[in-house]
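Structural description and commentary
Spelled out, the chains give:
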Amino acid sequence: MPLTAYAQLNAFEAKPLTYLEIYEERFAPFRDEAVNILELGVAKGKSMEMWRDCFPKATIAGVDLLPQWESTDDRVRVYRGRQDDTALLDRVAAECAPGGFDIIVDDAAHIGQLAKASFWHLFDRHLKPGGTYALEDWGTGYWGNHVYYPDGDYYRARPDNGFLHGLANRIIRQAPVEWPKLGFLGKLLRRHQYTRRFPSHDYGMVGFAKQLVDEIGISDITNPEHGVPDGPMGGPRQTRFKSLLFAPGVILVTKA
């Protein structure tokens, strides 16, 4: 049975069809493999049943603060606890996937700080190279004044444009990007010729998601010629990501 057959009937019991279409394409090669799957967020267990039915040889673990489902299958284990409880995550990994997880899905709190804590702990320590980590419902960071997602906020794009940007845009906006010779005023305004910071939004899950872009660009950030090699990043290094896929509602990170 395809994953898409388990698309949600309501907002609390399963996953949107658009998520499952992506998962179906990405995870199809593992359908008959003895993979290890972890999902943060069990709720009523619909996704646990989906992984169990669609991956007949998989070992499946779930973590939830208040799970409302119990497994009757030896391949599926459910643990009670917080998604950012690193000691619990280590125990789950030791008991269910000592060699690492192939697939990890975060469908838990959708709070940026909690998602970030569990992501980096699991990604660094318990996700196999080539494995995929899915972050669901990252758009909650755009939801302001929400009872379940208090770290989100209404979209407010705040540009970082000052007086020199405005002056440069009026005086030298039509000038070529590369000038062969620059006078004092040109040197002063050159850096401000184009807006340096695009208006953006960085609350909740959206803010965490945008930090993932920084990680996939870390080789440029820490490049001695272009970045800040002696800064807080600790010198030149390569990204830990093989790929980063943004889609409406879901992000997929593949480990290098």
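Before going into details, it helps to say that this report is about the structure given with it. (Residues numbered from 1 in each chain as written. Predicted model: local features only at pLDDT ≥ 70, side-chain atom pairs only at ≥ 80, totals over all residues. Heavy atoms only, no water.)

1. Some remarks on the overall build of the chain
Broken down by element type, the chain carries eight helices and seven strands. Restricting to contacts in the chain with at least 6 residues of sequence separation, those with at least 24 account for 60%. Summed over its atoms, the accessible surface of the chain is roughly 14100 Å², and 54% of this surface lies on carbon and sulfur atoms. (Helix = DSSP H or I, 4+ residues; strand = E, 2+ residues; numbered from the N terminus. Contact = heavy atoms within 4.5 Å. Areas by Shrake-Rupley, 256 points an atom, 1.4 Å probe, with all protein chains shown as cover.)

2. As for the pattern of salt bridges
Scanning all chains against the criterion turns up 14 salt bridges. Measuring nitrogen to oxygen at the nearest pair gives 2.9 Å for the salt bridge that ties Arg 82 to Asp 84. Residue class for Arg 82 comes out partly exposed when judged on its relative accessible area of 45%. Accessibility expressed as a relative area gives 24% for Asp 84, which makes it partly exposed. Residue Glu 215 pairs with Arg 240 through a salt bridge whose shortest N-O separation is 3.2 Å. One end of the pair, Glu 215, is in helix α7 (residues 204-216); the other, Arg 240, is in the loop between α8 (218-221) and β6 (241-247), and 25 residues separate them in sequence. Linked through salt bridges whose partners overlap, the residues forming this network are Lys 15, Glu 39, Asp 107 and Glu 136. (Salt bridge = Lys/Arg side-chain N within 4 Å of Asp/Glu carboxyl O. Buried < 20%, exposed > 50% of the residue type's maximum accessible area, 1.4 Å probe, protein only.)

3. So, the packing of helix α4 (residues 112-126) against α7
Following both chains from N to C, one finds α4 and α7 inclined at 35°, their axes separated by 8 Å at the closest point. Facing α4, whose interface residues are Gly 112, Ala 115, Lys 116, Phe 119 and Trp 120, α7 presents Gly 204, Met 205, Phe 208, Gln 211, Leu 212 and Glu 215. Split by residue class, the contact of α4 with α7 holds six nonpolar, three polar and two charged. (Axes fitted to C-alpha atoms, helices over the stretch in contact; angles between N-to-C directions. Nonpolar A, V, L, I, M, F, W, Y, C, P; charged D, E, K, R; others polar.)

4. Looking at the packing of aromatic side chains
A complete count under the given rule lists 17 aromatic pairs for this structure. Here Trp 51 and Phe 55 contribute two aromatic rings whose centre-to-centre distance is 5.8 Å and whose plane-to-plane angle is 50°, an arrangement assigned as tilted. The exposure class of Trp 51 is buried, given its relative accessible area of 0%. Note on Phe 55: relative accessible area 0%, which makes it buried. Joined through ring pairs, the aromatic side chains of Phe 119, Trp 120, Phe 123, Tyr 133, Phe 208 and Phe 241 make up one cluster. Of note, Lys 255 hangs over the ring of Phe 123, and the distance from its end group to the ring centre comes to 5.5 Å. (Phe/Tyr/Trp six-rings, centres within 6.5 Å; stacked < 30°, edge-to-face > 60°. Lys NZ or Arg CZ within 6 Å of the ring centre and 35° of its normal.)

5. Quick look at a nonpolar patch on the surface
Together, Ile 171, Phe 184, Leu 185 and Leu 188 make up a nonpolar patch on the protein surface, roughly 430 Å² of accessible area in all. For the nonpolar patch, the element with the highest residue contribution is helix α6 (residues 184-190), accounting for three residues. A relative accessible area of 71% places Phe 184 in the exposed class. (Patch = residues over 30% accessible without salt bridge, like charges linked within 9 Å, V, L, I, M, F, W, Y side chains within 5 Å.)

6. Concerning helix α3 (residues 86-96)
What α3 keeps buried is the set Leu 88, Leu 89, Val 92, Ala 93 and Cys 96. Across the axial projection of α3, the buried residues extend over an arc of 135°, all falling on one side. More than 90 degrees from the buried face of α3, the exposed residues found are Ala 87 and Ala 94. Check the buried side of α3 and you find it contacts β1 (36-40), β2 (59-64), β3 (76-80), β4 (101-106) and α4. The backbone nitrogen of Ala 87 lies 3.2 Å from a side-chain oxygen of the residue at the head of α3, namely Asp 85. (Arc of directions from axis to C-beta. Polar contact = N/O pair within 3.5 Å; in protein donor to acceptor, adjacent residues only side chain to side chain.)

7. A short note on the packing of α3 against α4
The geometry of α3 relative to α4 is characterised by a closest axis approach of 11 Å and an angle of 35° between their N-to-C directions. Between α3 and α4 lies a crossing whose hand is right-handed. Every residue of α4 that contacts α3 at Thr 86, Leu 89, Asp 90 and Ala 93 is listed here: Ser 118, His 121, Leu 122, Arg 125 and His 126. Residues of the contact of α3 with α4, tallied by class, amount to three nonpolar, four polar and two charged. (Left-handed = near helix turned anticlockwise from the far one by under 90°.)

8. Description of unusual backbone geometry
Phi angles above zero are rare outside glycine, and Ala 43 is one such case at about 55°. Along the chain, Ala 43 falls in the loop between β1 and α2 (46-54). Overall, the relative accessible area of 28% leaves Ala 43 in the partly exposed class. Notably, His 110 is not glycine yet its phi reads approximately 60°, a positive angle. Within the element layout of this structure, His 110 appears in the loop between β4 and α4.

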